[in-house]
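Architecture at a glance
Listed below are the residues making up each chain.
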Amino acid sequence: MVCTPELFVERQLELIEIERKEEVERTALLRAQCSPQQLQQHCHALLALQVTGSRTGLGGKCMLELSPATGKSAFPPHLMRPGDVVSVERGDSKVMAQAPASSADRPIGVVWRVSDTRLVVALPEELPGDWGNRCRVVQMANDVTYDRLCWAMRRLRERLEANDPASVLDVLLRGREPRYDHRAVVDRYLDPTLDDSQRAAVQFALSADELALVHGPPGTGKTYTLTEIIRQLVARGKRVLVCGPSNVSVDNLVERLAPHKVPMLRLGHPARTLPSVVAYTLDARVRHSNQGAVLQDVRQDMDTALARLSRCKQQRERRTIYGELRQLRKEYRQREAKVTAELIGNARVVLCTLSGADTRKMRGEMFDVAIIDEAAQALEAECWIAIHKARCVILAGDHCQLPPTVLSVKAASGARPAATIVGDAPAAYTLDYTLFDRMLAQHGDTVKRMLLTQYRMHRDIMAFPSGHFYDAKLQAHASVAERLLTDKIGVAATEDTEVPVVWIDTADCGWLERVEEDTRGRPGDSRYNEGEVAMVKHHVARLVQAGVAADDIAVITPYNAQVGRIRDALRERYPPLEIGSVDGFQGREKEAVILSLVRSNDTGAVGFLSEHRRTNVAITRPRRHLCVIGDSETVGQSDAFYRHWYAWVSDHAEIRYASADHVDADHLLD
C-alpha cells in the first residue's frame, strides 16, 4: 500500500491521538498511584507553596505569584517550564485532588514565569478566598497542544481536498522539486563577521521559493545565521514568522535580533526575563501602546478589587466584588483584543512557539516566509501550524542530534521510511520522523546548506563527532581549536586541565548499575550507578581544586535517577554546578562537561545509549574539557559505535582506569 499525501495526513492524526492518550494515561496513573510527596520526588509537582501576590495580566488573567513556603531558598528539582499546563490545588490536602479539571477546587492554569525561587501561573480566575495563602502546583497533560496538532493536520486535509495550488504543498507533499532564484544575490551582508558557509546558507535561504534547509551542527553559529536571514528578509520588505518548538529556542532569536532594532513582536510565554527579550513581548508592547494608559487604569481597578477580595470576609460582599471583577475583565479583554490585533497586524516579524502560532490572536495572519528553528526537534504536525501561514518555509536544525520526544512506543520508531511519501506505506511514518528528516530523504542535499566552522569546541573534542556524524566536514575555528581549561585565568596546569578529552574507564570496578524502584517498590525505567556518582564527585573536586569555577562545569547523564543522585552528592558543596539530563542540555554548552554513562552490566545492554544522537548531544556540549565516566566493556559489548569511540579515545586522547582508591569509600557504602 502506497502512502499518498491524504493517507499521510490520516497517519499523522492517528499517531497524534496515540500520543495524546499515552500522555493522559501516564498523568492519570501518576496522580492515582502517588502521594503529593512522591509526585514532587518525580519532579511533577511543587508542594508547600506560598501565594506571595496576584495581579492582572495579559488577557485579564489572574497572575498568581508563588514561592517556597517552608523556609527553603529555592524550589526542589522539577520539570515545569513556561507554557506548561498545571493544576493549582489546596496546600493542606494529604492526597492528590480528584476534582474535575478547571473546577473551583482545582483550577487549571499555564506557567508564565519560572525561576529557582518564583513561579508565576496565569489563571482564568482568582483562587477561592477560603484557600488561605498556601497551595501546590501539579503538572497536567497539555491537551491544548494536541488539539492544535490535530487542527494543523485537518487543515492540511482540507487544503488537499480543495486542490490548493500552493507550490509549497507541491514541494512538501507532492514530490515536486523546490525552485531557487539564484539571481537573488546578497549585495551586502549586514553581519560582516559571518564565515563563508554561513554566508552561503544565507544566500541559499534568500533564493528559495518554497523550501530551504539550514543544517547547523553544534557550535556552528546557526542562530547568528538565522538572524542574518531574518534581517535580510525584512530589508527586502518581507513579512516573517519565526517559530521554534520551545520557548527557549524562540527567546534565543529574540535576544540576537534585539540589538539590531528589528521590528518584531514576541508572542507567548518567554522562558527568559532578560530586558532585551521582555521589551518585545506582547504584554510589554500593549502596555506602551496608545491605549496602554486606558488598559492600565482598568487593570489597576481589577487589582484594587482583588486586594479588597483578599480582605473581605462577608459572602455577600465577596459576590459583589466577583461581579465587579467579571465586568472589569470583560472590558479589559475587549479593549486589549483591539490593541493586540493592531500590534500583530503591523509587526514585520512575529516570533512564537510552533504551538503558539495557532492561538486566536494569530488566526488569519499570513506571512511571506516561515522560519522554523530547531526543526529537527519538532513534530511534523507542529511545523504545519506555521507552514499554513506562509508561502515559503526555511527549516533550521540538526538531524544528527536528538529528535522530538515521543512518549508512546507505538508512535515512535528508530526505523526510517524511504524517500517520498507517494512510495511509502503509511505505517512507515512515526512521530519522531521529522519534516527536516523527510525533506532530506525526499530531496537530498540539494535543499540543504551545512554550516562548516564550529566556534565552541577544542579540535580534539570535535574530531570524533565530526567524523561519525558530519562526514568529517567540521572545522574548528582558530580561536577555539587549541583552547584548554588551563588557558583560563586562575586555572592551574594539571593532568585534568591540560587534556581536552579523557575517558575514565570503570570496567572491572564492580560498579554495577541499579534500577530505580517506583512508588510501590517495583523496578522502574530509570537507572543509576553509585560508583560513577562517586567518580563524578572526585573529578569535580579535582577541577575545582585546580581553579575551575563550579559554574563553568556541567555534569550530564542519560538517566534521571542518576541526575537525582549526583545532585544529592554535589549540590550542597557546589551550588553553581549544573547537573542535568543529556536531553535537557541540548543547545547548551559549558567550559567542562562530565558525562556519566551509568550502564554497567554483564549483558552489554545500553538502553538509552543505543540512541547515538543522544551521545552526540552529550559529547558536543564542552568547550575545553570532556570527561566520560563509563564501563567500556558494557557499552562496547553489543554496540559498535561505542567500540569505535573508545578506540578513538585510546588513539587520540587519554584513557584512565578507575578504582576505589580514586573515590570516597564512605560514599559507596551509603
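So, how was this worked out
- Residues numbered from 1 in each chain as written.
- Predicted model: local features only at pLDDT ≥ 70, side-chain atom pairs only at ≥ 80, totals over all residues.
- Heavy atoms only, no water.
- UniProt positions renumbered as here; feature names shortened; annotations may be inferred.
- Domains from an automatic or database assignment.
- Contact = heavy atoms within 4.5 Å.
- Buried area = accessible area lost by both parts, 1.4 Å probe.
- Salt bridge = Lys/Arg side-chain N within 4 Å of Asp/Glu carboxyl O.
- Polar contact = N/O pair within 3.5 Å; in protein donor to acceptor, adjacent residues only side chain to side chain.
- Nonpolar A, V, L, I, M, F, W, Y, C, P; charged D, E, K, R; others polar.
- Helix = DSSP H or I, 4+ residues; strand = E, 2+ residues; numbered from the N terminus.
- Buried < 20%, exposed > 50% of the residue type's maximum accessible area, 1.4 Å probe, protein only.
- Pairing = 2+ DSSP bridges.
- Axes fitted to C-alpha atoms, helices over the stretch in contact; angles between N-to-C directions.
- Disulfide = S-S within 2.5 Å.

The chain carries the name DNA helicase in an unreviewed UniProt entry, which gives Thamnocephalis sphaerospora as its organism. Regarding the chain, the relevant UniProt record gives this comment under Sequence similarities (unreviewed entry): "Belongs to the DNA2/NAM7 helicase family."

**So, the domain arrangement of the chain**
Considered domain by domain, the chain is made up of domain 1 (35-141), domain 2 (145-263 + 348-450), domain 3 (288-343) and domain 4 (456-667). Computed from C-alpha atoms alone, the centre-to-centre distance between domain 2 and domain 4 is 33 Å. Of the residues lining the interface, 14 residues belong to domain 2; the matching set on domain 4 comes to 15 residues. Taken together, both faces of the contact between domain 2 and domain 4 bury some 1300 Å²; the carbon and sulfur share is 57%. Summed over the shared surface of domain 2 and domain 4, the number is 0 salt bridges. Run the count over domain 2 and domain 4 and you get 5 residue pairs in polar contact (both at pLDDT 80 or more). Considering only residue class, the side of domain 2 that touches domain 4 consists of 6 nonpolar, 6 polar and 2 charged.

**Remarks on the pattern of salt bridges**
Considering all chains together, one arrives at 46 salt bridges under this definition. Between R20 and E17 there is a salt bridge, and its shortest N-O distance comes to 3.2 Å. Of this pair, R20 and E17 both sit in helix α1 (residues 5-33), separated by 3 residues, roughly a single helical turn. According to the relative accessible area criterion, R20 is buried, its value standing at 13%. Judged by relative accessible area, E17 falls into the partly exposed class, the value being 36%. One salt bridge in this structure joins K222 and E374, with 3.4 Å as the shortest N-O distance. Taken together, the residues span a long stretch of sequence, with K222 in helix α6 (residues 222-235) and E374 in the loop between β11 (367-372) and α12 (380-387) at a distance of 152 residues. A residue is classified by how much of its surface remains accessible, and K222, at 10% relative accessible area, is buried.

**Quick word on unusual backbone geometry**
Phi at E374 takes a positive value of approximately 50°, unusual for a residue other than glycine. Despite not being glycine, D471 has its phi angle at roughly 55°, a positive value. Among the secondary structure elements, D471 is positioned in the loop between α14 (459-469) and β15 (475-476).

**A short note on the pairing of strand β3 (residues 85-90)**
Counting buried positions along β3 yields 5 of 6 residues, so the element is predominantly enclosed. Two elements, β3 and strand β6 (residues 134-139), share 5 bridges in a ladder whose sense is antiparallel. Among the inter-strand pairings, V86 is bridged to a residue of β6, identified as Q139.

**Some thoughts on the sheet that holds strand β4 (residues 108-114)**
In spatial order, the strands read β1-β2-β5-β4-β3-β6; together these 6 strands close into a barrel with antiparallel pairing. Strand-to-strand twist across the sheet, computed as the mean angle between neighbouring axes with direction ignored, equals 45°. Inspection of the sheet shows β3 paired to β4 by 3 bridges, in the antiparallel sense. Bridge pairing links S87 to I108 in β4.

**Focus: the sheet that holds strand β7 (residues 211-215)**
Ordered by their spatial adjacency, 7 strands build an open sheet running β9-β10-β8-β11-β12-β7-β13, and the pairing between neighbours is parallel. A single partner strand is all that each edge strand has here, and the edge strands are β9 (264-266) and β13 (448-450). Sheet twist, expressed as the average angle between the axes of neighbouring strands with direction ignored, equals 20°. For β11 and strand β12 (residues 390-397), the ladder comprises 5 bridges, and the chain directions are parallel. Each residue of the ladder has a partner; that of A370, found in β12, is V393. In this fold helix α7 (residues 247-257) packs onto β8 (240-244), β9 and β10 (349-353), with an angle of close to 155° to the strand it touches most, β10.

**Focus on the environment of A74**
Of note, A74 is situated in the loop between β2 (62-68) and β3. Residues A74 and S249 lie 175 residues apart in sequence; the distance between their C-alpha atoms is 25 Å. Once residues lying within four places of it in the same chain are set aside, the contact partners of A74 are P68, D116 and T117.

**Some details on the side chain of Q232**
Relative to the assigned elements, Q232 resides in helix α6. Of note is the side chain of Q232, whose polar atom sits 2.7 Å from the side chain of R236. If sequence neighbours within four positions are ignored, Q232 has contacts with V186, R188, Y189, L190, V202 and L206.

**Considering the state of the cysteines**
Every disulfide links exactly two cysteines, by a covalent bond between their sulfur atoms. On inspection of all chains with the given rule, the structure shows 0 disulfides. With no disulfide of its own, C43 lies closest to C34 among cysteine sulfurs, the gap being 12 Å. The class of C43 is buried, set by a relative accessible area of 18%. Among the cysteines around C392, which has no disulfide bond, C243 carries the closest sulfur, lying 14 Å off. Accessibility expressed as a relative area gives 5% for C392, which makes it buried.

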